[in-house]
Amino acid sequence: MADAPTPVMFAVVTTNRKAVGGGMAPIFYADSVQERDEIAKWLSRITNCIVHDLHDGSLALTVNQPTGPSHSSQG
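Residues numbered from 1 in each chain as written. Predicted model: local features only at pLDDT ≥ 70, side-chain atom pairs only at ≥ 80, totals over all residues. Heavy atoms only, no water.

Chemist: Would you explain helix α1 (residues 33-47) in this entry?
Modeler: In an α-helix there are 3.6 residues to a turn, and that puts residues three or four apart on one side. If you check α1, its first and last C-alpha atoms are 21 Å apart, about what 15 residues at 1.5 Å a residue would give, namely 21 Å. The positive-phi residue at the C-terminal boundary of α1 is N48, with phi of around 60°. (Helix = DSSP H or I, 4+ residues; strand = E, 2+ residues; numbered from the N terminus. Expected span 1.5 Å × (residues − 1).)

Chemist: Can you walk me through the environment of V20 in this structure?
Modeler: With respect to the helices and strands, the residue V20 is situated in the loop between β1 (6-14) and β2 (27-29). Linking V20 and D56, residues 36 residues apart in sequence, is a C-alpha distance of 9.7 Å. In contact with V20, other than residues within four places in its own chain, are V12, T14, I27, Y29 and S58. (Contact = heavy atoms within 4.5 Å.)

Chemist: Can you walk me through the nonpolar core in this structure?
Modeler: Among soluble globular proteins, nonpolar side chains are generally buried collectively. Membership of the largest hydrophobic core is limited to six residues, which are V13, A40, L43, C49, L59 and L61. Among the secondary structure elements, those contributing two or more residues to this core are α1 and β4 (58-65). Dropping the residues within four chain positions of it, V13 is found in contact with F28, R36, I39, A40, L43, G57, S58, L59 and L61. (Core = buried A, V, L, I, M, F, W, Y, C linked by side-chain atoms within 4.5 Å. Buried < 20%, exposed > 50% of the residue type's maximum accessible area, 1.4 Å probe, protein only.)

Chemist: Explain the pattern of salt bridges here, please?
Modeler: Opposite charge on two side chains allows them to pair when their charged atoms are near. Under the definition given, this model contains two salt bridges. A salt bridge links K41 to E38; the shortest N-O distance between them is 3.3 Å. In this pair, K41 and E38 both sit in helix α1, three residues apart, roughly one turn of the helix. (Salt bridge = Lys/Arg side-chain N within 4 Å of Asp/Glu carboxyl O.)

Chemist: Got a minute to help me understand the sheet that holds strand β3 (residues 50-53) in this structure?
Modeler: Pairing between the strands of a sheet comes from backbone hydrogen bonds, and it takes one of two forms, parallel or antiparallel. A sheet is described by the order of its strands in space; here four strands give the open sequence β2-β1-β4-β3, paired in mixed fashion. Looking along the sheet, the strands with just one partner apiece sit at the ends: β2 and β3. Ignoring strand direction, the axes of neighbouring strands in this sheet form an average angle of 30°. Bridge count for β3 against β4 is four bridges, and the pairing is antiparallel. Paired with I50 across the two strands is T62, which belongs to β4. Helix-sheet contacts for α1 involve β1, β2, β3 and β4, and the interaxial angle to β4 is about 5°. (Pairing = 2+ DSSP bridges. Axes fitted to C-alpha atoms, helices over the stretch in contact; angles between N-to-C directions.)

Chemist: Can you help me understand the packing of aromatic side chains in this one?
Modeler: Per the counting criterion, the structure on display carries zero aromatic pairs. One cation-aromatic arrangement involves R17 over Y29; the distance from NZ or CZ to the ring centre is 4.2 Å. One cation-aromatic arrangement involves R45 over W42; the distance from NZ or CZ to the ring centre is 5.0 Å. (Phe/Tyr/Trp six-rings, centres within 6.5 Å; stacked < 30°, edge-to-face > 60°. Lys NZ or Arg CZ within 6 Å of the ring centre and 35° of its normal.)

Dropping the structure here:
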């Protein structure tokens, strides 16, 4: 039985420059909530990530990373 995937921070999209800073994920700053939502929408479509609303003007985007052993088919 495989382990559950581990969510990994992919990016942060925010209108609140004071809410986030540093870290390993890229930060995309938007001038409005509409622009923030558009950026998050396109990033989620391109990368198949999940968008989480942090309710401080920021959206955290995560991707699921498998945690179990990697299986590759040989043929």
